[in-house]
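What follows is the residue order along each chain.
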Amino acid sequence: MVAPRHWPPPLRASASFDVVCVGESSLDVMAVLRGPVPDDGKAALAALKVRPGGQAATVAVGCARLGRSACFAGVLGTDAWARQVTEALEAEGVALAVRHREGVSTRAAVILVDAQTGRRAVLEYREPALSWRPDELPLDVVRDARILALDATDVASALVLARAARDAGVVTVLDADRDGADVAELRAAVDIVVMPEAVAREVGHGDVEAGLARVRRDSGVAMAVATLGPRGSVALVGDHAIRTPALDVPVVDTTGAGDAFRAGLMTAWLETPDRPDPERLLRMANTVAGLNCRALGAQTGLPAMAEVMAAQ
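The following refers to the structure shown.

Conventions used here
- Residues numbered from 1 in each chain as written.
- Predicted model: local features only at pLDDT ≥ 70, side-chain atom pairs only at ≥ 80, totals over all residues.
- Heavy atoms only, no water.
- Helix = DSSP H or I, 4+ residues; strand = E, 2+ residues; numbered from the N terminus.
- Rg over C-alpha atoms; globule rule 2.2 N^0.38 Å.
- Buried < 20%, exposed > 50% of the residue type's maximum accessible area, 1.4 Å probe, protein only.
- Contact = heavy atoms within 4.5 Å.
- Areas by Shrake-Rupley, 256 points an atom, 1.4 Å probe, with all protein chains shown as cover.
- Lys, Arg positive; Asp, Glu negative; His and termini not counted.
- Charge placed at Lys NZ, Arg CZ, Asp CG, Glu CD.
- Pairing = 2+ DSSP bridges.
- Axes fitted to C-alpha atoms, helices over the stretch in contact; angles between N-to-C directions.

Okay, the overall build of the protein next. From N to C terminus, the protein includes 10 helices and 13 strands. For a compact globule of 312 residues, the expected C-alpha radius of gyration is about 20 Å, and the protein comes in at 18 Å, within 12% of that figure. Summarising its shape, the C-alpha atoms of the protein cover approximately 55 × 40 × 40 Å along the three principal directions. The buried share of the protein, taken over its 312 residues, is 54%. The long-range share in the protein, meaning contacts at least 24 apart out of those at least 6 apart in sequence, stands at 66%. Total accessible area computed for the protein in this model is approximately 13200 Å², and 52% of it derives from carbon and sulfur atoms. With 33 positive and 40 negative side-chain charges, the protein shows a spacing of 2 Å between the two charge centroids.

Turning next to the sheet that holds strand E9 (residues 171-175). Read from one edge to the other, the open sheet built from nine strands follows the order E5-E4-E1-E8-E9-E10-E11-E12-E13, with strand pairing classed as mixed. Taken across any chain shown, the strands that pair with only one partner, and hence form the sheet edges, are strand E5 (95-101) and strand E13 (240-244). For this sheet, the mean angle separating the axes of adjacent strands, direction not counted, is 15°. Across five bridges, the pairing between strand E1 (residues 17-22) and strand E8 (residues 145-151) is parallel. Looking at E8, one finds that Val19 is bridged to Ile147. The strands touched by helix H1 (residues 55-65) are E1, strand E4 (70-77), E8 and E9; relative to E4, the strand with the most contacts, the crossing angle is about 155°.

Another point: unusual backbone geometry. Residue Trp7 is joined to Pro8 through a cis peptide bond whose omega torsion reads 0°. You can see Pro8 is positioned in the segment before E1.

Within the secondary structure layout, Ala109 lies in strand E6 (residues 108-114). Taking C-alpha positions, Ala109 is 21 Å from Asp179, a pair spaced 70 residues apart along the chain. Among residues more than four places away in sequence, those in contact with Ala109 are Ser26, Leu27, Asp28, Val29, Val122, Leu123 and Glu124.

Limitation: the analysis is restricted to geometry and does not speak to function.
Right, here's the structure in full:
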């Protein structure tokens, strides 16, 4: 058990970047299925598109479209995929703090999207060489942020960065898309944990709110959140559970919805740093996530602030 951190964690008034996002970028091949995948033989696709994605990169783009200064830090190859990823980020005004690995493929994924429901399955390919080396961690960039957004892909590096951020007074938000002893240690080093429903159920032995309570008890985070897809989200702030409905939109593709959720949450917090109302933050997070489901790809439907305000 870790001593609980109280809400809200103090958010510094200024820094070079509102949000620094460290973790995955990706080039995604979006395969839209007309029906179930056959056991053998062929099936016609409704669409086949290549789109930029990846958890950290998508959060950075989401924050940039909402008017916030964002930096993406990650490790890429030197292939054409890397160029496509970085060009997409630069086109959105996202600053880059990246390392390149000669002869290594940039992370990529094939994403199978159900044309009827928008639900997706991700088949990813990531080479181990895409992890940070200890001597190249972007510590200076992280220390010059107001909020650090991390994912659980390279946990050892994320743990070092989370601790450095805490020492520098930078708020940390973690995308905990899996469980495990290493992720539990990382959760204890951050301020806010956001996880998919399936992970919350795993932690809570089948019960989402029990999973959130366990995360808060064991890690001491100020806020633990589970995203529930079409049912919105549930968050635990102190001992208070907050349920927030999803935005009702025609769903094309749910890829990147969790990343959009975090971008909305952090942007709402940055708007009212001294008096962040958790319910308001979560409403905006769900709105941004819902709007992102309108289009194919992790980043295609990420909204501008005017769209968010019109939808709320």
